[in-house]
Amino acid sequence: MRKFALIAMMAFATPALAEDVSMNSILGTTMEEVQASLTAMGYEVRKAEMEDGKIEVYFVRDGQMGEVYVNPQTGAVTKLELKG
């Protein structure tokens, strides 16, 4: 019975690792929270900075690069660009 419970927990935990960042994502209200959220989603954070009052983060995963802008008041993604 314990094996079944462990397998079930792992099955539910796995999709979170493959989660993609989207315009509906809430990533956090600080640069550190945004970086931690993206890292937990499986992205490698390359650069993070404040630009025009937004948190801007450059990331890569599976050879696909992108950048995301996050509103620091709400933690919501305001702009998302994925590149090749």
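Please refer to the structure placed before this passage.
On a predicted model such as this, the values are computed, not experimentally measured, just so you know. (Residues numbered from 1 in each chain as written. Predicted model: local features only at pLDDT ≥ 70, side-chain atom pairs only at ≥ 80, totals over all residues. Heavy atoms only, no water.)

Peer 1: What is the right way to read the pattern of salt bridges from this model?
Peer 2: Think of it this way: side chains of opposite charge can pair up when their charged atoms draw near. Counted under the stated rule, the structure contains 5 salt bridges. Residues E49 and K47 are paired through a salt bridge, measuring 3.7 Å at the closest nitrogen-oxygen approach. Since its relative accessible area comes to 44%, K47 is described here as partly exposed. A salt bridge links E81 to K79; its shortest N-O distance comes to 3.1 Å. For E81, a relative accessible area of 29% puts it in the partly exposed group. (Salt bridge = Lys/Arg side-chain N within 4 Å of Asp/Glu carboxyl O. Buried < 20%, exposed > 50% of the residue type's maximum accessible area, 1.4 Å probe, protein only.)

Peer 1: Is there a simple way to think about the environment of G84 in this case?
Peer 2: Considering the arrangement of structural elements, one finds G84 in the segment after β4 (77–83). Measuring from C-alpha to C-alpha, the distance between G84 and G66 comes to 8.5 Å, with 18 residues separating the pair along the chain. The residues contacting G84, other than those within four sequence positions of it, are G63 and Q64. (Helix = DSSP H or I, 4+ residues; strand = E, 2+ residues; numbered from the N terminus. Contact = heavy atoms within 4.5 Å.)

Peer 1: Would you explain unusual backbone geometry in this entry?
Peer 2: Note on backbone geometry: most residues besides glycine have negative phi, and most peptide bonds are trans. Phi is positive for D52, which is not a glycine, with a value near 50 degrees. As for its placement among the helices and strands, D52 is situated in the loop between β1 (44–51) and β2 (54–61). Residue D52 is classed as exposed on the basis of its relative accessible area, which comes to 73%. In the Ramachandran plot, D62 falls in the positive-phi region, its phi being about 55 degrees despite a non-glycine side chain. Its place among the elements puts D62 in the loop between β2 and β3 (64–70).

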